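Listed here are the chains, written in short residue letters.
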Amino acid sequence: MLSNRDRCRMGDQLAAERQLEERCDAIVGKWYSAISDTGYPALSSMQVRQVLRVQVAKAIELLAASQLDSWGAEQIGVALACLHYIQPAALAKTLRVLREQLGSMCPADGAAEYLNRLAALLAGISTGFLQQTCKIVLEEQEAIRAALVSEIESSRMALMAAQEELEKRVMDRTADLARANQELRVEVAERKRFEDALRESEAKYRRLVEDMHEVIYITDLKGNLTYVSPSVKAVLEYRPAEVSGHRFDAFAHPEDLPRIQRGFQNLLAGQSQEGVYRFVTKSGHTRWVRTSSSPVLEDSGIVGIQGLLTDVTDSHQARAALQTSQERLRLLMENAPVLVLTVGPDLKIRFVNRDPAETTRQMDLLDRSMLDYVQPDYVGPVEQIVRKIFATGSSDDLQLAVMGRGGRDAWYSVRFGPLWRDGDVAEVMLVAEDVTEQKKVADLKDNLIRDVSHELRTPLAKVQMSLDRLVDMLEDEDIDREKAIQVSGFATRSTERMLRTVENILDLSRLESGTWPHEQQSIQPRLLVHEAIVYATPLSSTKGLELIADLPEPLPEIRGDWDKLYRVLQNLVHNAIKFSDEGKIVVTAED
């Protein structure tokens, strides 16, 4: 019976084995994807994957050993070539995948030894691959040669047979010889075609390197360029001969030079490097390039650096332009004078351009239903408009009230419109302008018109009634003079009341337009109070009120607008008379 410790150990071992199996499957997938277009294997893809999996397991096993088995490493390269992946690209992609994937399994302890074994493993794979590739090519050439020899031998035997029959049938022997010679010419022509095809294949690989957009480069351990592909002229405007022998960083932008030099030191330490840097062209322009570099390994260790350089200026500039456009759009939205929101089919807010002012109870609006902030009377219309836009793609306008903070409603004028994506309405956009103050002004005007109508109707009726009585009294020969004065005074006061109402309306209009004039002048407060009392005395007398002034001595002069101050004092006195039924009204002042 196993102890708990043994069971735990077995469990850990099984977990490690499962993890290793999953890692092997991942490496096999990347390996197969990388080389699938570089050869024409006779096996199915599943069979190829099985062979690759065996080789991955073998590679992991070799790396786990304290000393690398070179022969075993070479056998992995032999197995790859035997699958008929014999193009150089197959070896290059294999080394890249195994370097990345097996390198990522480097343990924390003994990393240097592990990387040395990995370098030796990749070198062994390269050696085995090249040896087996050469062997396969030679075997194929030998098979062709053997076939040619066999055919030549057959021709020779036929010639000998023809010679033996020469005595019997001279004409037949001559025909056989001609036929044999023709066959020989055909076979020689076939061999010549094979040799031409081989030369064409070599030229194709050479053109592939020379015509590719990426720049292939190789440096020595000092960073001096020993090889640069012709495509460097399209990127940096230099011919290969102009850069060969120079340090690679001689063409780097000064601001990126420290990063490039640090990366070179990492390469010399055996670490592959990738990065995006700025290089300066022959004409002095700056180009953005992406480099992918790795150390060149031989039995003696790292002997140089090789890599690819790709021009990414256009994509970098496009990305920078996109970032600028996005930043401009963000600033535009954040500083827009209106509130912009988008809602989905579920009526939840998906975007808001900025924090609303004092119009909502919560600042965090995202993922909340917009109906949570709409006054109940407008929930139905808002929902109906949004549903209609999702269904038809139309637009609409609505002025609605939302629930503000502190129990105060806020009014917004909202423009509803569709946001299209792939031919369908994906969201509804709301452009909302705060019209709370405009709404208050409109309501104030409505109330003012109602009040003015009421205020003018009553004194007009009184004026009409007073004038009718005066007409009746004038038609009578016996005129009661005191009563006539009283009636005319009543009409006068009603007219003054209408004039004050009209003046108030004009004052409101002037205040709204910002054109209310101010005439500054020196004013004696005593005279201002005296005129207001004299003017209001008839009205106070009709109610039996005593209107007096109680002003201290002396009162200093003041500066202001006489008419406006007089109107304010007059309104105060009239209000005092209006809301007093008995006693006296005292107008006083303080220094």
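Here goes a summary of the coordinates provided. (Residues numbered from 1 in each chain as written. Predicted model: local features only at pLDDT ≥ 70, side-chain atom pairs only at ≥ 80, totals over all residues. Heavy atoms only, no water.)

Thoughts on the overall build of the protein chain
Note the following rule: Strands here mean DSSP runs of E at least two residues long; helices mean DSSP runs of H or I at least four residues long; both are numbered from the N terminus. Any two residues whose heavy atoms approach within 4.5 Å are treated as being in contact.
Across its full length, the protein chain holds 15 helices and 14 strands. Taking the intrachain contacts of the protein chain between residues at least 6 apart in sequence as the baseline, contacts between residues at least 24 apart amount to 57%.

Digging into helix 14 (residues 525–542)
Since the α-helix packs 3.6 residues into each turn, any two residues three or four apart lie on the same face. Our working definition: Expected helix span is computed as 1.5 Å times (number of residues minus one). One axis is fitted to the seven residues ending at the residue and one to the seven starting there. The bend at that residue is the angle between these axes. Categorising residues by exposure relies on relative accessible area from a 1.4 Å probe, with only protein chains included: less than 20% of the type maximum marks a residue as buried, more than 50% marks it as exposed, and the intermediate range marks it as partly exposed.
The end-to-end C-alpha distance of helix 14 is 26 Å, a good match for the 26 Å that 18 residues give at a rise of 1.5 Å each. Of all the bends in helix 14, the greatest, near 45 degrees, is centred on Ala 536, and the proline Pro 538 appears no more than four residues after it. Restricting attention to buried positions, one finds in helix 14 the residues Pro 525, Leu 528, Val 529, Ala 532, Ile 533, Ala 536 and Ser 540. Of the surrounding elements, those touching the buried residues of helix 14 are strand 11 (521–523), strand 12 (546–550), strand 13 (558–560), helix 15 (562–578) and strand 14 (584–588). Phi for Gly 544, located one or two positions after helix 14, is positive at around 75 degrees.

Remarks on the packing of helix 14 against helix 15
Short version of the rule: For helices, the fitted axis covers only the stretch in contact; all axes are lines through C-alpha atoms, and the angles between them, taken along N-to-C directions, range from 0 to 180 degrees. For any pair of crossing helices, the crossing counts as left-handed if the nearer helix is rotated counterclockwise from the farther one by less than a right angle, and right-handed if it is rotated clockwise.
Between helix 14 and helix 15, the least distance of the axes is 10 Å, while the angle of their chain directions is 35 degrees. For the pair helix 14 and helix 15, the crossing hand works out as right-handed. Residues Leu 527, Leu 528, Val 529, Glu 531, Ala 532, Tyr 535, Ala 536, Leu 539 and Ser 540 of helix 14 form the contact with helix 15, whose participating residues are Trp 562, Leu 565, Tyr 566, Leu 569, Gln 570, Val 573, His 574 and Ile 577.

Notes on the packing of aromatic side chains
Test applied: The aromatic pairing rule takes the rings of Phe, Tyr and Trp, using the six-membered ring of Trp, and pairs them if the centres are within 6.5 Å, calling planes under 30 degrees apart stacked, those over 60 edge-to-face and the rest tilted.
Per the counting criterion, the structure on display carries 2 aromatic pairs. Where Tyr 378 meets Trp 411, the ring centres are 5.8 Å apart and the plane angle is 85 degrees; that geometry is what we call edge-to-face. Of this pair, Tyr 378 sits in helix 11 (residues 376–392) while Trp 411 sits in strand 9 (residues 409–421), placing them 33 residues apart in sequence. The exposure class of Trp 411 is buried, given its relative accessible area of 19%.

A look at the sheet that holds strand 6 (residues 339–343)
Hydrogen bonds along the backbone pair up the strands of a sheet, which may run parallel or antiparallel. We apply this condition: Two strands pair under a simple rule: DSSP has to find at least two bridges between them.
Within the open sheet, the 5 strands sit side by side as 7-6-10-9-8. Their pairing is antiparallel. Strand pairing shows two members of the sheet lacking a second neighbour, strand 7 (349–352) and strand 8 (396–403), which therefore form its edges. Neighbour-to-neighbour, the strand axes of this sheet turn through a mean angle of 30 degrees, independent of strand direction. Strand direction decides the pairing type here: strand 6 and strand 10 (residues 424–434), joined by 5 bridges, are antiparallel. Paired with Val 340 across the two strands is Val 431, which belongs to strand 10. Running over the sheet, helix 11 touches strand 6, strand 8, strand 9 and strand 10 and is turned about 140 degrees from strand 8.

Looking at the pairing of strand 5 (residues 301–311)
Bridge analysis of strand 1 (residues 215–219) against strand 5 gives 5 bridges, and the strand direction is antiparallel. For Val 215, the partnering residue across the bridge sits in strand 5 and is Leu 309. Linking two consecutive strands that pair antiparallel, namely strand 4 (residues 286–298) and strand 5, is a turn of 2 residues.

Thoughts on the pairing of strand 4
Regular strands have side chains that alternate between both faces of the sheet. One ladder, built from 8 bridges, connects strand 3 (residues 273–280) with strand 4; its direction is antiparallel. Opposite Phe 279, over in strand 4, you have Arg 287 as the bridge partner. Connecting strand 3 to the next strand, strand 4, in antiparallel fashion are 5 residues, including Gly 284 with a positive phi near 95 degrees. Note: strand 4 against strand 5, 10 bridges, orientation antiparallel. Within strand 5, the position partnered with Ser 294 by the bridge is Gln 306.

Details of the environment of Trp 420
In this fold, Trp 420 is placed in strand 9. Not counting chain neighbours up to four residues away, the residues in contact with Trp 420 comprise Gly 393 and Val 425.

Quick notes on the pattern of salt bridges
Filter applied, for reference: Take a side-chain nitrogen of Lys or Arg and a carboxyl oxygen of Asp or Glu: if they are within 4 Å of each other, that pair is a salt bridge.
Under the defined criterion, the tally for this structure stands at 21 salt bridges. For Glu 21, the salt bridge identified is with Arg 53, shortest N-O distance 2.0 Å. Separated by 32 residues along the polypeptide, Glu 21 in helix 1 (residues 4–35) and Arg 53 in helix 2 (residues 45–64) bring together distant segments of the chain. Assessed through its relative accessible area of 42%, Glu 21 is described here as partly exposed. Since its relative accessible area comes to 23%, Arg 53 is described here as partly exposed. With a shortest N-O distance of 2.3 Å, Arg 179 and Asp 176 are connected by a salt bridge. Taken together, the positions of Arg 179 and Asp 176, both in helix 6 (residues 170–211) and 3 residues apart, correspond to about one turn of that helix. Overall, Arg 179 belongs to the partly exposed group, its relative accessible area being 46%. The partly exposed category is assigned to Asp 176, whose relative accessible area is 23%.

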